[in-house]
Each structure stands twice: as structure tokens, then as C-alpha cells.
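# Structural overview
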Amino acid sequence: MKIAVYPGSFDPITNGHLDIIKRGTKIFDKVIVAILVNVDKKGLFSVEERKELILKATKDIEGIEVIDFDGLLVDLLKEKEINVILKGLRNSTDFEYENTMDKINKKLNKDVETIFMISESEKSYISSSAVKQICRFGGEIDGMVPDSIKDDIEKKMRCK
Ligand code: PNS
């Protein structure tokens, strides 16, 4: 069984993430969506809230599992006996960051491989931080987040 871990902060999940998850399930038998802590980012949604939003947004997608993990990504992979990471690339900034992350993860475990998928161009401008900022100031996030969770995000951000 071909399994990949798709890690991220998912604070909150966006249509960019959803695109990678859907495309990932066409290549892998199973995609494990893993909510991990990014120490460089201050979270807004709790891990439980992020998980609920991901589950709601992906309820019609087969072949995925949603988990959270407190620790290094390589340790999660070891625990699950998986050595493939799935990541999305929106632009050259992502590339620079992910290039380093790949090298760090390989330093920690040389058997780990990261498979990169280029984001669809109409989704490449989307980020969780842009969603939060737009929503906080009452802007329209239509098309940036899954329809099924748009109200939940707006409610949390108190912009509606
Ligand atoms: O969605 P993000 O914020 O770009 O995701 C980044 C994330 C959470 C995948 C990354 O920060 C991560 O792997 N965190 C877990 C800790 C870890 O393994 N760090 C790598 C060594 S610096």
C-alpha cells in the first residue's frame, strides 16, 4: 500500500490544501493529513478545531486519514512506518523553504522522500494567513476555503 503523509499547520485548511489532498489520493492509496506545529507561526485555531474543519472539508474524499502530532515530522513517519511526505509548491518562496525542509528531514532520516506537487495556478495565491487576514477585516474569502467550512471560519473570525 502506497501511503504518504501530508503535513501542515492547516490553520485553517484552504482550497490550496484541498487540491493537493485530492490529487494526492489519485497517486497514493492513502494520504495521512497530519496537523503539526510550525514553531514559526502563531496558531489561531486549536488543533481540535483544525481537525474538525479538515474532516468536514474532506468528508467526501476517500483514502484519507486526519491526525495530529506533537513532534518532529520524521518521528511521525517513523511511528507510522512511512517514508513519503507529500507537499504542495505554490511559488519560488515555497520552493526555497521546502528545499531546506527536505534537506533537514533527510539529515534526520536519509530514507525520507518528499514528493512535491505544483499548486493549480488559480489556487497558488491562497494561504491560511491571507484567509485569516482577509476574514478578520470583513473581506470575502469565497473560493479560498472549502464551501463546507466557510461559515465556520467566518464565525470564528467574527467577521460575519
Ligand atoms: O503548513 P506549514 O506551516 O507550512 O507546515 C510546516 C510544518 C508543520 C509541516 C513544519 O513546520 C513541520 O514539519 N513541523 C514539525 C516539526 C519538524 O519536523 N520540523 C522540521 C525540523 S526544522
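Residues numbered from 1 in each chain as written. Predicted model: local features only at pLDDT ≥ 70, side-chain atom pairs only at ≥ 80, totals over all residues. Heavy atoms only, no water.

Moving on: the site of the ligand. Neighbouring the ligand are 13 residues, the closest being Ser9, Val37, Asn38, Lys41 and Leu73. For the ligand, an oxygen atom lies 2.9 Å from a polar atom in the side chain of Asn38. Surface burial for the ligand is 79%, taken as the share of its 550 Å² of free accessible area covered by protein chains. Sorting elements by how many residues they give to the shell around the ligand places helix α4 (residues 92-108) first, with 3 residues. Class assignment for the residues of the shell around the ligand results in 8 nonpolar, 4 polar and 1 charged. (Near = heavy atom within 4 Å. Polar contact = N/O pair within 3.5 Å; in protein donor to acceptor, adjacent residues only side chain to side chain. Areas by Shrake-Rupley, 256 points an atom, 1.4 Å probe, with all protein chains shown as cover. Helix = DSSP H or I, 4+ residues; strand = E, 2+ residues; numbered from the N terminus. Nonpolar A, V, L, I, M, F, W, Y, C, P; charged D, E, K, R; others polar.)

With 17 residues, α4 extends 24 Å from end C-alpha to end C-alpha; this agrees with the ideal 24 Å at 1.5 Å per step. Among all positions of α4, only Asp94, Glu98, Asp102 and Asn105 are buried. For α4, the angular spread of buried residues about the axis comes to 70°, placing them on one side. Every exposed residue of α4 that faces more than 90 degrees away from the buried side is listed here: Ser92, Thr93, Glu96, Lys103 and Lys107. Elements in contact with the buried residues of α4: α3 (73-80), β4 (84-89) and β5 (113-118). The residue sitting at the N-terminus of α4 and contributing the capping side-chain oxygen is Asn91; that oxygen lies 3.2 Å from the backbone nitrogen of Thr93. (Expected span 1.5 Å × (residues − 1). Buried < 20%, exposed > 50% of the residue type's maximum accessible area, 1.4 Å probe, protein only. Arc of directions from axis to C-beta. Contact = heavy atoms within 4.5 Å.)

What follows covers a nonpolar patch on the surface. A cluster of nonpolar side chains, namely Leu72, Ile104 and Leu108, defines an oily patch on the protein surface of about 260 Å² accessible area. Mapping Leu108 onto the fold places it in helix α4. Under the relative-accessibility criterion, Leu108 is labelled partly exposed at 44%. (Patch = residues over 30% accessible without salt bridge, like charges linked within 9 Å, V, L, I, M, F, W, Y side chains within 5 Å. Salt bridge = Lys/Arg side-chain N within 4 Å of Asp/Glu carboxyl O.)

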